[in-house]
Amino acid sequence: MIFHPNAVSIVKLSVLSRLIIFVLVVISGILVQDYDSSTELALNISNRVTNKLISQSFSHFGNWDGIYFYRIAAVGYEYEQFHAFFPLYPLLMRLVSSVVCSLTGSVVSEHMALLFSGWLISNAAFVVSALFLYRLTRVVLQDDEMARVSTLLYCFNPASVFMSSLYTESIFAMFTFGALFYLYTSREVIAVLFFMMATSTRSNGILAVGYIGWNVFLYIGKKYYSGISVKNVIHSVMKTMMGIIYVALIVSPYVGIQYYGYVLYCSDNPRPWCSKRIPSIYSFVQDFYW
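What counts and what doesn't
Per chain, residue numbering runs from 1 following the sequence as it is written. It should be noted that, the model being predicted, local features are given only for residues of pLDDT at least 70 and side-chain atom pairs only at 80 or more, the latter also being counted only at that level, while totals for whole chains, interfaces and linings use all residues. Side-chain metrics in this entry use all non-hydrogen atoms of the structure; hydrogen atoms and water are not considered. By disulfide we mean two sulfur atoms from cysteines, separated by a distance within 2.5 Å. Numbering of helices and strands runs from the N terminus, with a helix taken as a DSSP run of H or I at least four residues long and a strand as a DSSP run of E at least two residues long. The rule is simple: take the accessible area with a 1.4 Å probe, protein chains only, and divide by the maximum for that residue type; under 20% is buried, over 50% is exposed, in between is partly exposed. The rule is short: rings of Phe, Tyr and Trp, with Trp giving its six-membered ring, pair when the centres are within 6.5 Å, and they are stacked under 30 degrees, edge-to-face over 60, tilted in between. What makes a salt bridge here is a side-chain nitrogen of Lys or Arg within 4 Å of a carboxyl oxygen of Asp or Glu, nothing more.

> I'm lost on the state of the cysteines in this one. Help?
Think of a disulfide as a covalent bridge from one cysteine sulfur atom to another cysteine sulfur atom. Tallied over the entire structure, the rule returns 1 disulfide. Across the disulfide from Cys266 sits Cys274; the S-S distance is 1.9 Å. Taking the sign of the S-S torsion, -80° for the link of Cys266 and Cys274, the bridge is left-handed.

Right, dumping it as structure tokens:
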């Protein structure tokens, strides 16, 4: 289980850190004008008091990359460069915003609901990721004090503002820490599902295949040192086959996203990257636009 007697204190600590970040960001937004004003231009703020309040409170969390996630959630992959950002987070933003709109009616506009939903998802994911980090550290190091200290440093790190913004850092950390926790506690199927969600969130989620490979390597090593036998060889082969399947599942979201881009841009008037030996819209966008 993720919940432990110290889980309540971890939740309180992580929520406190998010509240502090929220207050600091709002105060900073009042005192200092944003360098990046793209969020305000894209939000289409109405004259309703609720929408203005949400904008003043949360628009500072939607700057820079956040505006891309907001736009993808609102209208989809509108332009080629949008494919630098993976779909799970904006999809969740759209789902949560639909719930917010249904609960509030016309009081909160769809634009403001998306902004608030992105902030809510990031902060909720951060709290869960802190819980997973605590559990993972406690299991790996067998040291409760070290687990609490690591979680404390995670909650109050210098880049903590990104964990509350419309960025994928928090949700990616949640899936990655969760996957590692379940992998380390021998719940491989759940771990692979979490790794798949991580890959659907950020491209570097595919690096999780290294954990699967290392896990298979350790298993085969233990079987080898316990003695070579038909039974151990069969178990090692089965473990290797399962590892290959797990790797394919973890990589599949990345491949699917590349295929989606290929279908969009390589049928009529194909883009330059379409003729590459391995056509990848993500690699092209990162190289050309960033």
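Anyway, onward from the coordinates.
> When you look at unusual backbone geometry in this model, what are you seeing that I'm missing?
The phi torsion of most residues other than glycine is negative, and most of the peptide bonds are trans. Despite not being glycine, Ser186 has its phi angle at roughly 65°, a positive value. Positionally, Ser186 belongs in the loop between helix H9 (169-184) and helix H10 (188-199). Look at Ser186 and you get exposed, because its relative accessible area is 63%. For Asn269, which is not glycine, the phi torsion reads 50° and is therefore positive. Tracing the backbone shows Asn269 in the loop between helix H12 (230-265) and helix H13 (281-288).

> How should helix H4 (residues 65-75) be read in this particular structure?
Inspection of H4 places Gly66, Ile67, Phe69, Tyr70, Ile72 and Ala73 among the buried residues, and these make up the whole buried set. Note on H4: the residue one or two positions beyond its end, Gly76, has a positive phi of about 90°.

> Help me out: how do you make sense of the packing of aromatic side chains in this one?
Evaluation of the coordinates by the stated rule reveals 25 aromatic pairs. Note on Phe132 and Phe181: the rings are 6.2 Å apart at their centroids and 45° apart in plane angle, and the pair reads as tilted. Separated by 49 residues along the polypeptide, Phe132 in helix H6 (residues 110-141) and Phe181 in helix H9 bring together distant segments of the chain. The exposure classification of Phe132 matches that of Phe181, with both residues buried. Judged by centre distance (5.8 Å) and plane angle (85°), the rings of Phe132 and Phe194 are edge-to-face.

> In this structure, what is going on with the pattern of salt bridges? I would like to understand it.
Oppositely charged side chains can form a pair if their charged atoms are brought close together. A full pass over the atoms with the stated rule returns 8 salt bridges. One salt bridge connects Arg148 with Asp144, and the closest N-O pair in it is separated by 3.1 Å. Taken together, the residues span about one helical turn, with Arg148 and Asp144 both in helix H7 (residues 144-155) at a distance of 4 residues. Among the residues examined, Asp144 registers a relative accessible area of 21% and is labelled partly exposed. Glu169 is the salt-bridge partner of Arg202, the closest N and O atoms lying 3.5 Å from each other. Of the two residues, Arg202 is situated in the loop between H10 and helix H11 (209-225) and Glu169 in helix H9; the sequence distance between them amounts to 33 residues. Taking the relative accessible area as the measure of exposure, Glu169 reaches 26% and is therefore partly exposed. Where salt bridges share partners, they join Arg138, Asp144, Glu145 and Arg148 into one cluster.

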